[in-house]
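Architecture at a glance
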Amino acid sequence: MIWVKIMTIKFLSTFQPWLYLSQKEVLNSSQLHLSKLYSQHGGIMDMVESGYRKIEWAEKHMKVIGRIREIYSKEKPLEGYKVGMALHVEAKTAVLVKTLIDGGADVAITGCNPLSSQDDVSEALRDMGIKCYSKRGMSEEEYYSALNKVLDSEPDVIIDDGADLIFLLHGERQALAEKIMGASEETTTGIIRIRAMEEEGVLKFPVIDVNNAMTKFLFDNRYGTGQSTWDGILRSTNMLIAGKKVVVAGYGWCGRGIAMRAKGLGAKVIVTEVDEIRALEAVMDGFEVMPMDEASKLGDIFITATGDKDVITSQHIRNMKDGAILANSGHFNVEINIPDLERLSKSVREVRGGVTEYDLGDKRVYLLAEGRLVNLVAGDGHPIEVMDMSFSDQALSVKYIVENHEKLENKVYRLPDELDRFVAKLKLESMGVRIDQLTEEQKRYLSDWRQGT
Ligand code: NAI
């Protein structure tokens, strides 16, 4: 239907722009910001159509959630429920939104980061009649206003990425928390904060930790961040990585992926860590490990992926070589201390899209994507096939909350193992990969402690 609508509008707009405009205004009069779209993108048709096309491309490659969508379309497990979402609004997210809607849900969505949403996708969602409040490059005030608009829809279930909606529901919007059946959190940083709330006994509803689903972190954080961080860096710098010294701060799931792909691109990789086990793992994986104080003198490219603050500060920046490039893939823009960078600099200018030059007098260093998630701000975020699994986990998590919230306490729960495995099974099927099955005898052998040599 959407394509019929688009093609009709396209046909009309080709010959009679005024006719197209009036049709569009009728369709979306309250939600579209026509003047801005016209001035920036040379026509609203381009913008909405570009959004639809991106979504169509993502849908084509999201076979797992596609399967879940078929089931949801028939069974309507979310009928009558409202879902409030804060996620990076781009094409893969739109496929999740459409899946929830096909399952019967009423959805309101905004971005979970002021710079990571894609306006064409947001416009396409609005064109579908979905309550979507995201815009790329929001001020902090606009960002929180959009989060509040999502909460104004009085959701039953929350999908969050970084826990900003969940915080609002424990602060100025706590009156709404009573109604929340549960939430589903996407990322490490959000989960760390929500677990701290659980420990303090202040958490007001159950939260499903989608981040720790195996079909999420093993693939999304590692292979997704690993590939897309480099995509963002390459797009913004157009530089060769082979032969460069790349410093990866944090050897967690994201750091492992970033370091692995840096090695594959021919870089010499240095890892910095604060955790002995992870540091040891990085050594055994063949990387140099040292404190940032030392690494800061050697690196050509620095990438933070710790979820921590002040990983790179003035003491490190002073050590850096002329031309050093700084990028962050952790959730918040606090890993590289940008105020420190500004204090040390005599002048600041943008030298390429998303590349800011800080002139320190004796050298220049370059910050990518304003220190925000480089893979989302300078690229399209994670590869589609990876988000297919993460968002399948999210779709299943929402259904799980709706069906089980009365049994759940105000705690953090992992996504149930059978749902995690269901996603893995669908993914293997979609790839045409078959695996062996345990025989009855093997099952007995594996569960019987009496069977020895
Ligand atoms: P993780 O907990 O597996 O790994 C973080 C690692 O950083 C740990 O090994 C920790 O010991 C280390 N670390 C902490 N403070 C450090 C410091 N000062 N110096 C060096 N190492 C330090 O977390 P994960 O899953 O790798 O996530 C990392 C960050 O990336 C989080 O903020 C998460 O929300 C974010 N994330 C970003 C994604 C993206 O699309 N860019 C996707 C998934 C997660």
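Small disclaimer: the values here were computed from a predicted structure and weren't measured.

Cut-offs applied
Residues numbered from 1 in each chain as written. Predicted model: local features only at pLDDT ≥ 70, side-chain atom pairs only at ≥ 80, totals over all residues. Heavy atoms only, no water. Helix = DSSP H or I, 4+ residues; strand = E, 2+ residues; numbered from the N terminus. Buried < 20%, exposed > 50% of the residue type's maximum accessible area, 1.4 Å probe, protein only. Contact = heavy atoms within 4.5 Å. Areas by Shrake-Rupley, 256 points an atom, 1.4 Å probe, with all protein chains shown as cover. Salt bridge = Lys/Arg side-chain N within 4 Å of Asp/Glu carboxyl O. Phe/Tyr/Trp six-rings, centres within 6.5 Å; stacked < 30°, edge-to-face > 60°. Lys NZ or Arg CZ within 6 Å of the ring centre and 35° of its normal. Near = heavy atom within 4 Å. Polar contact = N/O pair within 3.5 Å; in protein donor to acceptor, adjacent residues only side chain to side chain. Axes fitted to C-alpha atoms, helices over the stretch in contact; angles between N-to-C directions. Parallel < 35°, antiparallel > 145°, perpendicular 65-115°, else oblique. Left-handed = near helix turned anticlockwise from the far one by under 90°. Pairing = 2+ DSSP bridges.

Here the focus is the overall build of the protein. Within the protein, the regular secondary structure consists of 20 helices and 15 strands. Burial analysis of the protein (453 residues in total) assigns 53% to the buried set. Within the protein, counting contacts between residues at least 6 apart in sequence, those at least 24 apart form 70% of the total. Of the roughly 20900 Å² of accessible surface on the protein, a fraction of 52% belongs to carbon and sulfur atoms.

Quick look at the pattern of salt bridges now. For the structure shown, the criterion picks out 29 salt bridges. As a salt-bridge pair, Glu142 and Lys135 come within 3.2 Å of each other at their nearest N and O atoms. Between Glu357 and Arg349 there is a salt bridge whose closest N-O contact spans 2.8 Å. A residue is classified by how much of its surface remains accessible, and Glu357, at 4% relative accessible area, is buried. Shared partners join several salt bridges into a network, and the residues in it are Glu59, Arg69, Lys98 and Asp102.

The next point concerns the packing of aromatic side chains. For the structure on display, the rule yields four aromatic pairs. Ring geometry for Phe217 and Trp253: centres 4.9 Å apart, planes at 50°, overall tilted. Separated by 36 residues along the polypeptide, Phe217 in helix H11 (residues 214–237) and Trp253 in helix H12 (residues 253–264) bring together distant segments of the chain. Consider the rings of Tyr251 and Phe287, whose centres lie 5.9 Å apart with planes at 65°: the pair is edge-to-face. Highlighted residues: Tyr251 in the loop between strand E7 (245–249) and H12 and Phe287 in the loop between helix H13 (276–284) and strand E9 (288–289), separated in sequence by 36 residues. The two residues Tyr251 and Phe287 agree in class, both being buried. The aromatic ring of Trp253 is capped on one face by Arg256, whose charged end is 4.1 Å from the ring centroid. Directly above the aromatic system of Phe287 lies the positively charged group of Lys263, at a separation of 5.2 Å from the ring centroid.

What follows concerns the site of the ligand. In the vicinity of the ligand lie 27 residues, with Thr187, Thr189, Asn221, Glu273 and Asn375 positioned nearest. Contact between the ligand and Trp253: an oxygen atom at 3.1 Å from a main-chain N or O atom of the residue. In this structure, an oxygen atom belonging to the ligand sits 2.9 Å away from a side-chain N or O atom of Arg278. Relative to its unbound accessible area of 860 Å², the ligand is 88% covered by the protein chains. Sort the elements by how many residues they give to the shell around the ligand and H11 lands first, with three residues.

In this section: the packing of helix H5 (residues 63–75) against helix H19 (residues 417–431). Packing of H5 against H19 brings their axes to within 8 Å, and their N-to-C directions diverge by 115°. Regarding the angle of H5 to H19, the classification is roughly perpendicular. As for how H5 packs across H19, the hand of that crossing is right-handed. On the side of H5, the interface is formed by Lys63, Val64, Arg67, Ile68 and Ile71, while H19 contributes Phe422, Val423, Leu426, Lys427 and Ser430.

Moving on, we get to the environment of Ser314. Along the polypeptide, Ser314 turns up in helix H15 (residues 314–319). A relative accessible area of 18% means that Ser314 is categorised as buried. Taking the C-alpha atoms as reference points, Ser314 and Asp340, 26 residues apart in sequence, are found 5.4 Å from one another.

What the seven strands build is an open sheet, ordered E3-E2-E1-E4-E5-E6-E15; its pairing is parallel. Two strands close off the open sheet at either side, each with one partner strand: strand E3 (131–132) and strand E15 (412–414). Taken together, the three bridges between strand E6 (residues 207–209) and E15 define a ladder with parallel strand orientation. Bridging from a neighbouring strand, Asp209 pairs with Arg414 of E15. Packed on one face of the sheet, helix H10 (residues 188–199) meets strand E5 (182–185), E6 and E15 and runs near 130° to E15.

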